[in-house]
Amino acid sequence: MYSGSSSITRNWLTSSLAGLMISWTLFVSPSWAQTFVSGKVITSDGMVVASGAVALEKGELHNNAFLTGGAIGSDGTFKIPLPSGGAWGLHVYSEKYIYFPLQIQVIESADNDIPVILPVDGTTKDDPKISNIGLKKISDQVFQVAMQVDDPDNNLGPQMLAIDTKRFRSYRLLPKDGDLKDVKADFPIGEYVSPFIPLALDGEDLNDWLFVVADHQCSNGPVYIGYPLPSALRARRATLNSNCIVRRMRFFSRVLSRAQIVPATGFLPN
Ligand SMILES: [Ca+2]
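The structure contained in this document is the topic of the report that follows. (Residues numbered from 1 in each chain as written. Predicted model: local features only at pLDDT ≥ 70, side-chain atom pairs only at ≥ 80, totals over all residues.)

Examining the overall build of the protein chain
Stated precisely, the cut-off is as follows: Only DSSP runs of H or I with at least four residues qualify as helices, and only runs of E with at least two residues qualify as strands; both kinds are numbered from the N terminus onward. Once C-beta atoms are placed from the backbone, each residue is buried if 20 or more other C-beta atoms lie within 10 Å of its own, exposed if 12 or fewer, and partly exposed for counts between those two.
Secondary structure summary: the protein chain contains 3 helices and 16 strands in total. Residues classed as buried in the protein chain amount to 32% of the 270 residues present.

Written as structure tokens, this is what we have:
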């Protein structure tokens, strides 16, 4: 009797466990199927990059079909979900380092670890610069990014990017007067505009956005954040670490998040 009861209990446990495993597999499988590109960004002078941006083109490198992107964390890592595997162009930007373009082949349903080493940019005199970032409300569910891009030696490339780090999206901005047919040509200094972005600007947390541009020599300037840097704070920024600045910025962005057009001169220091 005892052993029979034990056997029934064991059978019940076995079938219950099997049922649980099947349920677990059914519920957990979708997360296994997610495709990621991740990595840790270090520099050729042996530092871990503490801030910056990552953007990915779908398909061939330099086809400018920017689709996904994200932020580099304070520990130098990034992890970006992709809608599919296959060919992607990976771009990594951090101030004071030459940006990193790489053609990658992404394995579907896997976390693809890509090592990134950024060379030191010996001079910042030729770096492109962003100013007057504006987020314009087009309708309740649509907004558009505009920004001024300048470059001391006039060799801008086609990469003028806005990156939504919360939703892992990247958007390429075009010259206000229209895109150039030859992407190897020097792009104009002036105003650039994004496509219409299908999001409500009201309530959008501007901490979630990064802005970066690059020139044909792989120089990028600061990676900007999407809210104003008040002048009093700007004067003190040299004495504050980046975490401190980010905390202060969150306050100002909450105050300004209802604005329809937000001029911005913010930046993320290394
Ligand atoms: Ca330049």
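So, next bit.
Some details on the sheet that holds strand β3 (residues 66-72)
Backbone hydrogen bonds hold the strands of a sheet together, and the pairing may be parallel or antiparallel. Quick note on the threshold: Strand pairing requires that DSSP identify at least two bridges connecting the strands. In this analysis an axis means a line fitted to C-alpha atoms, helices contributing only their contacting stretch, and an angle means the value between N-to-C directions, from 0 to 180 degrees.
Read from one edge to the other, the open sheet built from 4 strands follows the order β3-β2-β5-β6, with strand pairing classed as antiparallel. Lying at the two open borders of the sheet, with one neighbouring strand each, are β3 and β6 (100-106). Direction aside, neighbouring strands of the sheet carry axes that sit 25° apart on average. Here 6 bridges tie strand β2 (residues 52-58) to β3, and the two strands are oriented antiparallel to one another. Along β3, the bridge assignment pairs V54 with G70.

Describing the pairing of β6
As paired elements, strand β5 (residues 86-93) and β6 share 7 bridges and run antiparallel to each other. Bridging from a neighbouring strand, A87 pairs with Q105 of β6. Count of turn residues in the β5/β6 antiparallel hairpin: 6 residues, of which K96 carries a positive phi of about 75°.

A word on unusual backbone geometry
A positive phi angle is found at K96, which is not glycine, with a value near 75°. Structurally, K96 is set in the loop between β5 and β6. According to the C-beta neighbour criterion, K96 is buried, with 20 such atoms within 10 Å.

Concerning the sheet that holds strand β15 (residues 209-215)
A sheet is described by the order of its strands in space; here 4 strands give the open sequence β12-β11-β15-β16, paired in antiparallel fashion. The open sheet has two edge strands with one neighbour each: β12 (169-172) and β16 (224-225). In the sheet, strand β11 (residues 156-164) pairs with β12 via 4 bridges, with the strands oriented antiparallel. By the bridge assignment, D164 is partnered in β12 with R169.

Focus on the environment of F78
To keep things clear, this is the line we draw: Contact between residues is assigned whenever the C-beta positions, reconstructed from backbone atoms, fall within 7 Å.
For F78, the position within the fold is in strand β4 (residues 77-82). The exposure class assigned to F78 is buried, which follows from the 26 C-beta atoms found within 10 Å. Measuring from C-alpha to C-alpha, the distance between F78 and S38 comes to 5.3 Å, with 40 residues separating the pair along the chain. Ignoring any residue separated from it by four or fewer positions in sequence, one finds F78 in contact with S38, G39, V54, G70, A71, I72 and G73.

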